[in-house]
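# Observations on the model geometry
Here is how the chains run, residue by residue.
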Amino acid sequence: MSRVARQSTTAEIAALEQVCDRVAGFGADVSLEWVDGFVAALVAGPRALPSDEWLPAMFGDAFERAFADPADVAQALGALQARWQVVASQLDAESLFEDPDRLRLQPLMISDDAGDRRQWVETGQMSADEAAVPPQTGALWAEGFMAAVHAFAADWPEADTQHEDALGYDSALTDVVALTLPPAELTGYLAEVYPGQSISRDELIDAACLAVQDLRMYWVDHAPRPATRHVEARPGRNDPCPCGSGRKYKKCHGAVAP
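What you see is a predicted model; the values in this text were computed from it and never measured.

### With respect to the packing of aromatic side chains
- In the structure shown here, the tally under the stated rule is 10 aromatic pairs.
- Ring geometry for Trp141 and Phe145: centres 6.0 Å apart, planes at 35 degrees, overall tilted. Note that Trp141 and Phe145 are positioned in helix H9 (residues 139-151) at a spacing of 4 residues, about one turn of the helix.
- Connected via pairs of aromatic rings, a cluster forms that spans Trp141, Phe145, Trp156, Tyr169, Tyr218 and Trp219.

### With respect to helix H11 (residues 183-193)
- Within H11, burial applies to Leu186, Tyr189 and Leu190. End-on view of H11: buried residues confined to an arc of 100 degrees, all on one side of the axis. Away from its buried face, by an angle of more than 90 degrees, H11 presents the exposed residues Ala184, Thr187, Ala191 and Glu192.
- Summarising the contacts, the buried residues of H11 are in contact with helix H10 (164-177) and helix H12 (201-222).

### Notes on the side chain of Arg104
- Its place among the elements puts Arg104 in the loop between helix H6 (93-98) and helix H7 (114-122).
- Buried charge without a salt bridge: Arg104, with Asp92 as the nearest opposite-charge side chain at an N-O distance of 4.9 Å.
- For Arg104, the side chain forms a polar contact with the main-chain oxygen of Ser89, separated by 2.8 Å.
- A polar contact of 3.1 Å, which involves the side chain of Arg104, links it to the backbone oxygen of Gln90.

### Details of the confidence of the model for the chain
- Averaged over every residue, the pLDDT of the chain is 85; residues scoring 70 or more account for 78%.
- For the chain, per-element mean pLDDT is lowest for H7, which scores 64, and highest for helix H2 (residues 32-44), which scores 97.
- Residue range residues 227-231 is modelled with pLDDT below 50. Its contacts to residues more than four positions away, or to other chains, number 0 contacts.

### Focus on the pattern of salt bridges
- Following the criterion strictly, the structure yields 6 salt bridges and no others.
- When the shortest N-O distance is used, the salt bridge between Arg83 and Asp36 registers 2.5 Å. You can see Arg83 sitting in helix H5 (residues 70-90) and its partner Asp36 sitting in helix H2, a full 47 residues away along the chain.
- Between Asp155 and Arg47 there is a salt bridge, with the nearest N and O atoms lying 2.7 Å from each other. Taken as a pair, Asp155 in the loop between H9 and H10 and Arg47 in the loop between H2 and helix H3 (51-59) lie far apart in primary sequence, 108 residues in all.

### Points about empty space enclosed by the protein
- This model, assessed by the stated rule, comprises 1 cavity of 30 Å³ or more.
- When its volume is computed, the largest cavity comes out at roughly 50 Å³.
- Around the largest cavity, the lining residues are Ala41, Leu42, Gly45, Pro46, Arg47, Leu49, Ala148, Phe152, Asp155 and Trp156.
- Partitioned by chemical class, the residues of the lining of the largest cavity number 7 nonpolar, 1 polar and 2 charged.

Here is what the cut-offs are and how they apply
- Residues numbered from 1 in each chain as written.
- Predicted model: local features only at pLDDT ≥ 70, side-chain atom pairs only at ≥ 80, totals over all residues.
- Heavy atoms only, no water.
- Phe/Tyr/Trp six-rings, centres within 6.5 Å; stacked < 30°, edge-to-face > 60°.
- Helix = DSSP H or I, 4+ residues; strand = E, 2+ residues; numbered from the N terminus.
- Buried < 20%, exposed > 50% of the residue type's maximum accessible area, 1.4 Å probe, protein only.
- Arc of directions from axis to C-beta.
- Contact = heavy atoms within 4.5 Å.
- Lys, Arg positive; Asp, Glu negative; His and termini not counted.
- Salt bridge = Lys/Arg side-chain N within 4 Å of Asp/Glu carboxyl O.
- Polar contact = N/O pair within 3.5 Å; in protein donor to acceptor, adjacent residues only side chain to side chain.
- pLDDT = per-residue confidence, 0-100.
- 1 Å grid on protein atoms, 1.4 Å probe; cavity = no way out; pocket = protein on both sides within 12 Å on 5 of 7 lines; lining within 4 Å.
- Points joined across faces, edges and corners; volume = space filled by probe spheres on them.
- Nonpolar A, V, L, I, M, F, W, Y, C, P; charged D, E, K, R; others polar.

Set out below in structure tokens:
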């Protein structure tokens, strides 16, 4: 039975935004939307990563400088972990396999509409020329996702397009990257991928989210398996030592064996 996907509460989002703002104050070029994309890639990826691997990749050394006090560290990690758990709920593999066409992932994206742009022009936060560029909602989220992919490139190899599964993997990543394309490149992409169709920004975002769900399912099926460890049988304590000394194992190499 499909599990209900969790949603972040207002308080959880506010706590995460505070973490992002504080780290950004120490030089990290991050935002709430970018971090959420990074988290989505970590959850969707081929292996579970410990925080001591992904924190430096996400924030550089800014996290350690921003949160030096143990209590602050715990609170910041708690905010990040809370969002991680929500995204993990939305990318629950069992639910995705049960209904692969259902959109479950709900990213944190800052809306970018005409009203916002007028206000930004009036307050000097954006020029009139910048406001004329079509909205790029989701671009920061997709940039965060791809930043995680590039940070752990060994986990995300280029697809071998000789195989159908790999073609789907490559196509899914392309759907995410599409959100980052500037207007001119995006126009060419849409003409190639959606010929004769009028595709809204919201539809592009939905396509990217479904692509991330596809990537999650791909890695469940194709995650690298750990190498099998072969342990040679150890001689009995009274057996001849395999070194050829003629002494019993317990009197030779067995005496110092761990």
